[in-house]
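# Survey of secondary and tertiary structure
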Amino acid sequence: MEIWQAVVLGVVEGVTEFLPVSSTGHLTITEKLMGIPIDDKGVTAFTAVIQVGAIIAAIIYFRTDIVRFITGFVKGLRSAEARKETGWKMAINVIIGSLPIAVVGLLFKDLIEGELRSLWFVAGALVVWSLVMVLAEHLATQKVGEADVTWKDSLIIGLAQCIALIPGVSRSGATISVGLLRHLDRVTATRMSFFLGIPALAAAGTLEGVQRAGEISETVGWGPAAVGTVVSFVVAYASIAWLLKFVASNSIATFVYYRAAVGGIIVALLWGGVISAT
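Thresholds, definitions, all that
Every chain is numbered on its own, with residues counted from 1 as its sequence reads. Where totals are concerned, whole chains, interfaces and linings use all residues; where local detail is concerned, this predicted model gives features only for residues with pLDDT of at least 70, and gives and counts side-chain atom pairs only at 80 or more. Hydrogens and water are ignored here; the side-chain numbers use all heavy atoms of the structure. UniProt positions are given in the numbering used here, feature names are shortened, and annotations may be inferred rather than shown by experiment. Only the six-membered ring of Trp is used, alongside the rings of Phe and Tyr, when aromatic pairs are assigned; centres must lie within 6.5 Å, and planes under 30 degrees apart are stacked while those over 60 apart are edge-to-face, with the rest tilted. For the purposes of this entry, the term helix denotes a DSSP run of H or I that reaches at least four residues, the term strand denotes a run of E that reaches at least two, and both are numbered from the N terminus. Accessibility here uses a 1.4 Å probe with only protein chains present; expressed as a share of the type maximum, an area under 20% marks a residue as buried, one over 50% as exposed, and anything in between as partly exposed. Salt bridge, as used here, is a side-chain nitrogen of Lys or Arg placed within 4 Å of a carboxyl oxygen of Asp or Glu.

Labelled according to an unreviewed UniProt entry, the chain appears under the name Undecaprenyl-diphosphatase, originating from Dactylosporangium maewongense. Quoted verbatim from the Subcellular location (unreviewed entry) heading of the UniProt record, the comment on the chain is "Cell membrane". If you open the UniProt record of the chain and go to Catalytic activity (unreviewed entry), you find "di-trans,octa-cis-undecaprenyl diphosphate + H2O = di-trans,octa-cis-undecaprenyl phosphate + phosphate + H(+)".

Now the structure itself:
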């Protein structure tokens, strides 16, 4: 992989990781357009590794909340009174909400990295999940704030995060949508999406980096991987700030037009034989 390609993919990752448009889907499309083999294990690992840059950006952005959760968890282990505080509750919510994707991600790892990388799946998921996003905004009451999020809410949102293992669905699109269906207000649903994404994506990126180190070195190179990670960090930090400001007063259904257009274009290109699915 050339350095310029790593820069482009780092920008794509940073922009799309936390927007409800599917970062994996966009990375797959971009890799395909640049002639990079999307079914190569080293390329798949590269895609996961550069996500770490975006996750580091999220960790830094939400560092105050993360410290509050960790402190609340430690205090809650020692005191029943401390377990009534939001810090403890949110720490437990994040732990419970992170369990489903840990199990599903490991069980279906080969499928996720193989057949589901097809552009047919990406295009279909972009369009189909857009309907869910519209439905979520239509049914949402937005009555539940962060202090009132329950472990059941977190578990269900965590299960939705598993659906996003299908490229094109979008992890943030899935988690925010289901958060809205659980009647969380839009900002709380978005923040929950970030909080559940940090451990999931950090673990996935680290695991891929360790297990596929040799393949990354041979097919991509650690130089491009490092560049892509740094670029994704810088771009993602700006993306996080923008998204939180946007969802405070705008519907996530706004992104549906873009998702549907991209999905339609991919189908047209596949149908016309301009590009191949894998």
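## Remarks on the packing of aromatic side chains
This model, assessed by the stated rule, comprises 10 aromatic pairs. Look at W242 and F246: their rings are 4.9 Å apart centre to centre, the planes differ by 20 degrees, and that puts the pair in the stacked class. Of this pair, W242 and F246 both sit in helix α12 (residues 222-247), four residues apart, which is roughly one turn of that helix. Residue F246 is classed as buried on the basis of its relative accessible area, which comes to 14%.

## Considering the pattern of salt bridges
Here the structure, examined in full by the defined rule, presents seven salt bridges. Two residues, D65 and R68, come together in a salt bridge whose shortest N-O distance is 2.8 Å. Highlighted residues: D65 and R68, both in helix α4 (residues 63-78), separated by three residues, approximately one helical turn. Taking the relative accessible area as the measure of exposure, D65 reaches 13% and is therefore buried. For the salt bridge of R191 with D65, the shortest nitrogen-to-oxygen distance reads 2.8 Å. Taken together, the residues span a long stretch of sequence, with R191 in helix α10 (residues 186-211) and D65 in helix α4 at a distance of 126 residues. What emerges from the salt-bridge pattern is a single network uniting D65, R68, E146 and R191.

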